[in-house]
Amino acid sequence: MSSLQSLFKPNSIAVIGASNNKEKIGYSIVENIKNCGYSGAVYPINPKEKEILGYQCYPSIGEIGRPVDVAVISIPAAPSLQVARECGQAGVKFLVVITAGFKEIGEVGLKREKELLEICREYNMRLVGPNVVGIMDTHSPLNASFADGSPEKGEIAFISQSGAMLLAILDWSRSRGLGFSRFVSMGNKADLNEVDFIWSAAEDPNTKVILAYLEDVTDGKRFIQVVREASLKKPVIILKSGTSSAGARAASSHTGALAGSDLAYDVAFRQCGVIRVQEMSDLFDLAISFINQPVPAGDRVAIVTNSGGPGIIATDSVERNGLHMARFSKETIEKMRQHLPVEASLYNPVDVLGDARADRFNVALEAVLEDEQTDSLLLLLSPTAVTEPEKTAESLVSLRKKYASKPIFASLTGGKRLEKGARILTQAGIPCFPFPEPALKSIAGMVSYTRLRQKIQRRTPLPEVTEKAKATVKAILYDVMRDHRSVLLGNEASQVAAAYGIPVAPIYLAKTPEEAITIADSLGYPIVLKVASPKIIHKSDVGGVQVGLENAAQVREGYLKIMDSVSRLLPGTPVYGIEVQKMMPKGPETIIGMTRDLQFGPLLAFGLGGIYVNLLKDVSFRLAEGLNMEEIEEMITETKAHTLLRGYRGSTPCDLCAITEALARVARLSLDFPEIKEIDLNPVIAYPDSAMALDVKITAANENEQEE
Amino acid sequence: MKSIFLGGMAGSGKTAIALGLALKLQDEGFKVGYFKPISTTKDLHQTQDQDVLLFQKVLSLPHGAEVISPVRIGPYCLSGGTKRSPESLKRKILEAWKTVAQDLDVVLVDGYLSPYTAASLGLDAISLIKMLDSTMLYVIRMEDDYSLDKSLFYNNHFRLSGIPVLGNIFNNVERTLLDKTRGVYAPILEEQGHVVLGVIPRKTEIASPTVQEFYEALEGVLLTEENVGLNRLVEDVVIGSMTIDGALSYLRRAPNKAVITGGDRSDLAITALETSTSVLILTGGLYPDVSVLSRAIEKKVPVILVHYDTYTTIERLHEVTRRIRPEDEIGIQIAKKNIADHCRWQAVVEYVKG
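Given the structure is predicted, the values throughout are model-derived calculations rather than measurements. (Residues numbered from 1 in each chain as written. Chains lettered and ligands numbered in written order. Predicted model: local features only at pLDDT ≥ 70, side-chain atom pairs only at ≥ 80, totals over all residues. Heavy atoms only, no water.)

Participant: What's the story with the domain arrangement of chain A in this structure? I'm lost.
Facilitator: Residues and elements named next belong to chain A. The domain architecture assigned to chain A consists of domain 1 (1–132), domain 2 (151–292), domain 3 (295–456), domain 4 (506–582) and domain 5 (589–707). The C-alpha-based centres of domain 2 and domain 3 are spaced at 30 Å. Listed by partner, the interface residues are 19 residues for domain 2 and 16 residues for domain 3. Taken together, the two surfaces of domain 2 and domain 3 that pack against each other cover about 1400 Å², and 64% of this comes from carbon and sulfur. Contact with domain 3 buries area across many residues of domain 2, yet L232, S289 and N292 alone supply 32% of it, more than any other trio. At the boundary of domain 2 with domain 3, the tally comes to two salt bridges. The shortest N-O distance in the salt bridge between E279 and K441 comes to 3.6 Å. Linking domain 2 to domain 3 there are five residue pairs in polar contact (both at pLDDT 80 or more). Top contributing element to the side of domain 2 that touches domain 3 by residue count: helix α10 (residues 280–292), with six residues. (Domains from an automatic or database assignment. Contact = heavy atoms within 4.5 Å. Buried area = accessible area lost by both parts, 1.4 Å probe. Salt bridge = Lys/Arg side-chain N within 4 Å of Asp/Glu carboxyl O. Polar contact = N/O pair within 3.5 Å; in protein donor to acceptor, adjacent residues only side chain to side chain. Helix = DSSP H or I, 4+ residues; strand = E, 2+ residues; numbered from the N terminus.)

As structure tokens, then:
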């Protein structure tokens, strides 16, 4: 994976479409390059000009006669292809195509974009865009964009799929005094996409935090592999839009983004250690927190306030954000009791009372920070007649130096009285908010980063299977495809599962009542009969299931009953026969499923099963990509089913290992066979010493059907 | 000169059988002709019956379409007035027949719709067979046990009306009914003294309609390139109206499908294009986003826009059946192979000779 060093710190940069006309984008780009302090060679390209902004202008890129690292293209779409070719011939390494009029406008643009990509591949050029605002690196320094100037220097990298958002944030950041290391506009992501830029930012020594706004992920598999490694280095915070179905539709309209399952994105981000935010403001609040504060060791928060009401609100907010209130040691309580008035509340939240001056605050703050139980601190200050906001702020600042490993936040709820105090805190790098909630959201975000990083460390890989097993499955899938089906029959799915060691009660196909009896005799009674038809999903709803058949006569009768019922209720539906299965003893029902997400690959699900699964929705999810056994165990514990399985109200505990193993093998099957699109094991009965699926449904597809 | 009349219900596949037989008989050295006494056009723009065009090309017939198919009627035929009197129509047919049958060893006569069609004009299958001194080859399409009842009833009726019956062919038999057809249905017919000449399994390559047939039935606007993807087979029709969450799993279940959804559902359309889809039908006259069209073009999936609603769309697609076109080389060969592999064509040869 390249670090894109020459892109962000090029030795030379050409601007094709540069102009002396102040109204044109071609002018803004050159102006930005000049004003940002870029120290390399600048070559404006315009056959009609001799000189632009003090730089010698060339008629074409081929005539410069010296190597060019980056070429920024800002001419209309149609001629841009020829120019791209010329850049390739001149040995340019990176193209930044500002021009719009590609995939985003439809068929004509799509063709054009494909051609552009081919040209880049031919000449080994990497492409940013097309349809971008540009790129900026404040440390390099470089501003190759048509934005209104550069951001302030800082340590946050911001990568955006929306150019407009980038421009808005740029302006806002300057008024907030918030600095950035990089601004990247990705545009159509024809070549370089979020994975490349996130990785590059993770490798960049000047970047401490990585922010991204995405509407979709181009290559899910690669995303998981690369971003997981990136998050181990630096926090990656992502805002992905299109979460609601209306939003998804809007995203599809905007970029043609696949309305992929938001659930899969959520799971993918968590598995990669990415912190996902839902609102724009959270993106930057969190970034500021990560820049200025250490990552907390745990989720225990201490609150020190001089106002009871806000204290309670903040406490509620702690729980709501999935954090905990720290419980102080006796020593801490004693320390505070000695110096604080009797009416003060010493148990978290610490209320030093409305008449507290800076000294009382100092006692409480120091005692609380000293306590081992405190992972992070929030100071809540309201203005009363005697409050000393500046002094209090200063003591917090000096305490921070002493307790540098614990993140400290402040919420100064008030107006002019607290302004100076707030400024002292902000300048010292202590994030200061007008209300407690955003502060706690930030702490929660940081805590989740700690948790996620810890998780990624452990990994026992999924089990492997033999070549013979794979060949068996391949053969079955081949037969299904040849029959022009997507849905496997019960007996076919049962064989696939058995090949991979997934425990399923075997299913055999009978085409006549006599055959059913023969199978039943060999399996042993009691027997279950189910109609075999790829078109019938809910078999019991159409009289397609007969259970508890104790002998041959009942099997024959059951067989005929099913055929009669199905042909009456669903005439014309193809029936391949009747599935014969031995009945299994009762037990707690769980469900194991896999659906292949279009971006991220197989998405595993586990939860409470049976016919109410769609109603109760007690399910946990993981992506099979990069999955390990520890992660699967954790997945099981996230559900209520887990409590049931461990033994609830007198029932015997079940074999969780068997369930874990089954899940792992389903994941392995999904990873080995991309043709398999859905797997549904429902119910999987959990017994004390094993697990057994009573039904298995598999949907497959031929990847290359009817290609012309 | 012998003639074989292909009878059977509408959609049973008479024309494909006629095609296969014609080619096989040609191979055996016979001079073969084709006659379709009654036909129709279903398209405002077509002037010829498609089957006639097919046989003209395949058999290199020297006559014009008006001779090969002299009478055009439709569901409104009884209100035609004197021009449509049964007598004048019969005369027309007999005249054309004289021309068509000249210098040939055998003529295959294609029945129109079902055996009872045009009975009110005295031009039903049985009447035509008597008129042309032909013999019945009955083509049966099986769906369930009731279909057998129907065939038995018709065969008994043929016997009662005294027309010669060459035999029955079970056509386009689904894989799931194949065993039952061979083991139960055919024997029942034979027990009652009716001849079974063949059981032909369904071959989706000629039995399923293509996007072209759908396009003709819908009369919508083709939003993607002409002639790209129109020969894709359509094996299922699916309506996409659900929210996006369950859509992917649902759409994955049917390969080679037609997906019908509102033009404003870009999310569903794009998801459908990620599964095995043969054609996208967008309803309500709502022009789709460029992203949908780009993706469809990339995947070579035709997109048809209709201005009416989903229910109407389904209604119009009800009657879509596959036509083998003159350019469909593969389809023509399959039709021939079906007869060669699954039909007692030797019995037909015996009949033509003897």
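Participant: It is not clear to me how the sheet that holds strand β9 (residues 221–222) of chain B should be interpreted in this structure. Could you clarify?
Facilitator: Strands in a sheet are paired, the pairing made by backbone hydrogen bonds, and the direction either parallel or antiparallel. Residue and element names in this part refer to chain B. Spatially, five strands are ordered β9-β13-β12-β11-β10 in an open sheet, and the strand pairing comes out mixed. Edge positions in the open sheet fall to β9 and β10 (236–239), since each of these has one partner strand only. Here strand β11 (residues 257–262) runs beside strand β12 (residues 277–283); their pairing, made up of six bridges, is parallel. Within β12, the residue paired with G262 across the bridge is T283. (Pairing = 2+ DSSP bridges.)

Participant: How do you make sense of unusual backbone geometry when you look at a structure like this?
Facilitator: All names here are of chain A. The residue after S140, namely P141, is reached through a cis peptide bond having omega -15°. Looking at where P141 falls in the secondary structure, it is placed in the loop between β8 (134–137) and β9 (142–145). Looking along the chain, the bond that leaves N682 and enters P683 is cis, with omega of 0°. Within the element layout of this structure, P683 appears in strand β28 (residues 676–686). Even without glycine at this site, K189 takes up a positive phi of about 50°. Within the secondary structure, K189 sits in the loop between β11 (179–185) and α6 (194–203). The class of K189 is buried, set by a relative accessible area of 7%. (Buried < 20%, exposed > 50% of the residue type's maximum accessible area, 1.4 Å probe, protein only.)

Participant: Is there a simple way to explain the packing of aromatic side chains in this structure?
Facilitator: Two measures describe an aromatic ring pair: the distance that separates the ring centres and the angle between the ring planes. Residues and elements named next belong to chain B. Within the structure shown, the criterion is met by 19 aromatic pairs over all chains. Ring geometry for Y138 versus F158: centroids 5.3 Å apart, planes at 70°, classification edge-to-face. Residue Y138 is located in strand β6 (residues 135–141), and its partner F158 is located in helix α6 (residues 145–161); the two are separated by 20 residues in the primary sequence. Assigned by exposure class, Y138 and F158 land together as buried. (Phe/Tyr/Trp six-rings, centres within 6.5 Å; stacked < 30°, edge-to-face > 60°.)

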